[in-house]
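Each chain, written out:
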Amino acid sequence: MHKMTSYIKFFSLVFFLTIVINLMSQNKQLQSDKKGQISGTVIDSISGKPVEYCTVALFRKNSMELVNGTITQKNGRFFMEKISPGPYFIRISFMGYDDKIISDILFTKDKPIINLHKIKLKGSLQTLDEVVVDGSTPRIDYKIDKKVINVSKQITSISGTAVDVLENVPSVKTDIEGNVSLRGSQSFTVLIDGRPSVLDANDALQQIPASTIANIEIITNPSAKYDPDGTAGIINVITKKNKLQGFSGIVNLNTGLNKKYGGDVLINYKKRDMNIYFGVDYNLRNFPGERYNERHTYAEDTIFKTIMNGTNTHERKRWGLRTGLDYSFGENDIFGLGLRYGDRRMNGNTMSEYDEWMVPGDIHKLYKNNDESKRGGSFYEINGNYQHKFKKKGHEVKLELSYSKRDFEDNSINELTNESGIAVDGKKNVETGPSSRFRANVDYTLPIGDKDKFEAGFQTRFSESEDNTELYILNTNSGKYEIQPEYSNTTSYKRNIHAVYSLYAGELGNFGYQGGLRGEYTYRNIKSGHDSKAFGIDRWDFFPTLHLSYQLPKDHQLMTSYTRRIQRSRGWYLEPFITWEDAFNVRKGNPDLLPEYIDSFELGYIKNIAKSNMISLEGYYRITNNKVERVRSVYEENVMLSTPENVGKDYSLGLEFMFSYQLYKWWEVDLMANFYKYKVEGILYGEDFSNNSNNWSSRFNNTFNIKKNTKIQINSMYNGPSVTAQGKTEGYYMVNTAVRQDFMDKKVSAVFQVSDIFSSAKHEFTSRGPDFYNYSEYKREAPIVTLSVSYRFNNYKPDRKPSSGNDNGVMEEFE
């Protein structure tokens, strides 16, 4: 099987290169027509002086599609070339001036060169004290299969990570420890610029600085074109890229109270057919907090009780590099190459006091516990892509290859000392192991008529990992930690997935439709333990998708969809051996876990009100078969065991509400709410554990445009209680605020943020079983205060192009 895997990788690479070479050679024959050129000089209408760094964007007149762009030089001159024949218009914009539109620009074979000579820009009539409404792009753009979130509108999260951005996004909920859930589920897929991350979903979101994000796509019912992995759908993070001519960049710095600081730099250079970018970021975040835990375990007529009180610090440190280039071979061929490299570290330290006793009985054992953990490692990704556009608009083929690898280590030491300060127990856990992924895909799009299109593609994925776990126990006589061979294991994991898909989309009047089918073959092999016992999968799965929309009169729209998805377990969930986490907790994986299969239905209504105001309602119903949950039980006296099990089915029936409105010129509001009925049912340990709850969460965001260069934003959120098969999570609320001030014609921006103003956020969880009761509480230090400063040089600001469905639906705006 290993040789076969190597052959498939080799032939995928040969196939990729063969098609690229053939399409590029064909394209050279299509470039014989003479291309157009356009130039001009932009000047101030009053002083007559040239205006430097103006944005000059060229659009097709009929489709409003952006085809080229540049910025003016020091003498006000601009120049664009390689323009196909046809009608166009130009938009020229710069801070402090009214936009200039030049219409009726026509390139023909007989007239390929156009000189617009001097173009006068008029100064804006608004004074510095007047209010400017930033309504250039909507906060959320709804498409037939996704929601696109404009990150630039969320100034309360600018110094954080993607997790902080998601706190104010519909369909998403985050807890105070940074765990993200999508419509109540923590099983979802994270993409970065449309590609899966080698990191786990939450680690990937914690790794991305908010200041480097252009948009976030929330895809709760993905089409057959996307991977079907993830119970709740996909979160696609689109990073910033500048597409205008010349050299430009942005620098972001941030700092905060209690050891919080970082920054990032993104530099871009575009010259005619080539675009090069380079970015670097570094961030350190420290989160102190307090923990409390109460545990009861039952054995016959005895109750063992433990109470823990402690303080902890949780430090996240990360840095990353990214670079890439895009090169256009004429009008129809684009080749891209990208590289990411980074490192992330999560260090924790918990100092706690334990009180142990039995009932009946009143003898208390008091302990102090010191728990130190270090988790993290480096990672990198290399990707190449090629796009060929045929003569007909929208007719194209895309090819992509990517390879990613990460090194991982997790070291923890847990040591108990008695009242005399003598160590009575100690455990040291070491987990290491690399993992790698190779991915190749080909996507083909064929327009049919004016509004229909057919898409098809092939995808192959190869994943390999090796995990080494070791347990050392403190010898209290010698004071040394000694390895325990019976609890030390090596696990090798291989999974290959090959997929084909097709979908057809089109419009009939006001009715839009998209139907697709995806087939996937999965081969998986796990070898673990001293006897190298293997656990394998050899299976085909099929995933139908259907999306429908109907445009009602006066900007009313209805949308509905159905998708089938899968959630495949991985990591320690599949390790068939005991691993000690600390003195009171052990875990054991389950290689016989069945994948979760999800049937997801949605029905949505959208009403656009004026320029950037809207109201939306989305109903959803999700059924999860083979539901996987971490089940807790008593391993031995006062020690709990966590094991993932297929516990049955769960059901979520809910309604999402979103209202976005500009009450006044200076006040914009966003109200989001999610209400759903959750039910889980099944048999556990021979008993019916069925449970249900009414869940709800809300977000209320207020943006005040005080002056032209001053904004204040206040965000409040509430996450309601929810249940699991064995317990309940309590609800909490939080209020954040931020002030943004722009300087030097918006070249410099400063944002002052205060998160969790009232120190009201905390995590409470209660679980019960036939032989145990457990209550845990965590509260982080708050409020969290940070200051961020951004500097843009050489007019780092892309055009605001009308969305055309390309580039994964990206609407770039970097203000």
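Residues numbered from 1 in each chain as written. Predicted model: local features only at pLDDT ≥ 70, side-chain atom pairs only at ≥ 80, totals over all residues. Heavy atoms only, no water.

This paragraph deals with the overall build of the protein chain. Each helix and strand in the protein chain was counted, giving three helices and 46 strands. By residue count, 54% of the 815 residues in the protein chain fall in the buried class. Within the protein chain, contacts between residues separated by at least 24 positions form 66% of all contacts whose residues are at least 6 apart in sequence. When the accessible surface of the protein chain is summed, it comes to about 36200 Å², and 55% of that surface belongs to carbon and sulfur atoms. (Helix = DSSP H or I, 4+ residues; strand = E, 2+ residues; numbered from the N terminus. Buried < 20%, exposed > 50% of the residue type's maximum accessible area, 1.4 Å probe, protein only. Contact = heavy atoms within 4.5 Å. Areas by Shrake-Rupley, 256 points an atom, 1.4 Å probe, with all protein chains shown as cover.)

Another point: the sheet that holds strand β7 (residues 113-121). Strands sit in the order β4-β1-β7 across an open sheet of three strands; the sheet is mixed. Since the sheet does not close on itself, it has two edges, and those belong to β4 (77-83) and β7, each with one partner. Each neighbouring strand pair of the sheet contributes to a mean axis angle of 15°, computed without reference to strand direction. When strand β1 (residues 36-44) meets β4, the two strands line up antiparallel, connected through five bridges. Bridge assignment links I38 to a residue of β4, and that residue is M80. (Pairing = 2+ DSSP bridges. Axes fitted to C-alpha atoms, helices over the stretch in contact; angles between N-to-C directions.)

This part covers the pattern of salt bridges. By the definition in use, this model includes 22 salt bridges. For the salt bridge of D229 with R568, the shortest nitrogen-to-oxygen distance reads 2.5 Å. Highlighted residues: D229 in the loop between β14 (213-219) and β15 (234-239) and R568 in the loop between β29 (556-567) and β30 (578-582), separated in sequence by 339 residues. When sorted by exposure, D229 lands in the same class as R568, which is buried. One salt bridge in this structure joins D650 and K627, with 3.4 Å as the shortest N-O distance. Of the two residues, D650 is situated in strand β34 (residues 639-664) and K627 in strand β33 (residues 613-636); the sequence distance between them amounts to 23 residues. Across this residue pair, the class does not change: D650 and K627 are buried. (Salt bridge = Lys/Arg side-chain N within 4 Å of Asp/Glu carboxyl O.)

L166, L205, I216, I218 and I235 are the most contacted members of the largest nonpolar core, which totals 30 residues. Sequence-distant contacts of L205, that is, excluding residues within four places in its chain, are made with T161, A162, V163, L166, V180, F188, V190 and V237. If you look at the next biggest cluster of nonpolar residues, it comprises 20 residues, including F78, I114, L116 and I119. (Core = buried A, V, L, I, M, F, W, Y, C linked by side-chain atoms within 4.5 Å.)

This brings us to a nonpolar patch on the surface. On the surface, Y261, F278, V280, Y282, W319, L321 and Y341 cluster together to form a nonpolar patch covering roughly 580 Å² of accessible area. Of all the secondary-structure elements, those providing two or more residues to the nonpolar patch are β18 (274-299) and β19 (302-329). If you tally residues by element for the nonpolar patch, the top one is β18, at three residues. Among the secondary structure elements, Y282 is positioned in strand β18. Note on Y282: relative accessible area 31%, which makes it partly exposed. (Patch = residues over 30% accessible without salt bridge, like charges linked within 9 Å, V, L, I, M, F, W, Y side chains within 5 Å.)

Attention shifts here to the sheet that holds strand β3 (residues 66-71). Strands in a sheet are paired, the pairing made by backbone hydrogen bonds, and the direction either parallel or antiparallel. Taken in spatial order, the four strands make up an open sheet running β3-β2-β5-β6, and their pairing is antiparallel. Across the chains shown, the open sheet's two edge strands, defined by having one partner strand only, are β3 and β6 (100-107). Ignoring strand direction, the axes of neighbouring strands in this sheet form an average angle of 20°. As defined by bridge partners, strand β2 (residues 55-60) adjoins strand β5 (residues 86-93) across six bridges and the pair is classed as antiparallel. The partner of L58 across the bridge, within β5, is I90.

Attention now moves to the environment of S45. Mapped onto the elements, S45 comes out in the loop between β1 and β2. When near neighbours in sequence (up to four residues on either side) are disregarded, S45 contacts K120, L121, K122 and G123.

Scored by pLDDT, the protein chain has a mean of 83; 86% of the residues are at 70 or more. Note that pLDDT drops below 50 for residues 17-21; the model gives that stretch two contacts with residues more than four away or on any other chain. (pLDDT = per-residue confidence, 0-100.)

Let us now look at the pairing of strand β35 (residues 667-681). On a regular strand, one side chain projects to one face of the sheet and the next to the other, so that they alternate. By the bridge criterion, 15 bridges tie β34 to β35 in an arrangement that is antiparallel. Bridge assignment links S652 to a residue of β35, and that residue is Y678. In the sheet, β35 pairs with strand β38 (residues 691-707) via 14 bridges, with the strands oriented antiparallel. Bridging from a neighbouring strand, V680 pairs with N691 of β38.

All right, on to the packing of aromatic side chains then. Evaluated as defined, the whole model comprises 24 aromatic pairs. Where W580 meets Y635, the ring centres are 6.0 Å apart and the plane angle is 85°; that geometry is what we call edge-to-face. With a gap of 55 residues between them, W580 in strand β30 and Y635 in strand β33 connect regions that are remote in the sequence. Relative to W667, the ring of W666 has its centre 5.7 Å away and its plane inclined at 20°; by these criteria the two rings are stacked. Take W667: its relative accessible area is 23%, and that puts it in the partly exposed class. The structure contains a cluster of three or more aromatic residues connected by ring pairs, namely Y664, W666, W667 and F704. (Phe/Tyr/Trp six-rings, centres within 6.5 Å; stacked < 30°, edge-to-face > 60°.)

To continue, consider the side chain of Q726. For Q726, the location among the structural elements is in the loop between β40 (722-723) and β41 (727-729). Of the residues examined, Q726 reaches a relative accessible area of 11% and is grouped as buried. Within the local environment of Q726, its side chain forms a polar contact with the backbone nitrogen of R632, the two atoms lying 2.8 Å apart. Setting aside residues up to four positions removed in sequence, Q726 forms contacts with E629, R630, V631, R632, L684, T766, S767, R768 and F772. (Polar contact = N/O pair within 3.5 Å; in protein donor to acceptor, adjacent residues only side chain to side chain.)

Note that S698 resides in strand β38. The class of S698 is buried, set by a relative accessible area of 18%. If near-sequence neighbours (up to four positions away) are discounted, S698 is found in contact with M672, A673, S716, M717 and Y718.

Moving on: the environment of T476. Here T476 is to be found in the loop between β24 (452-475) and β25 (480-483). For the pair T476 and V424, spaced 52 residues apart in the sequence, the C-alpha separation amounts to 6.5 Å. Discounting chain neighbours no more than four positions away, the residues touching T476 are A423 and V424.

Sheet analysis places β29 next to strand β32 (residues 596-609), joined by twelve bridges and oriented antiparallel. Note on β32: the bridge partner recorded for I566 is Y597. Pairing geometry for β32 and β33, over 13 bridges, is antiparallel. Along β33, the bridge assignment pairs Y605 with L617.

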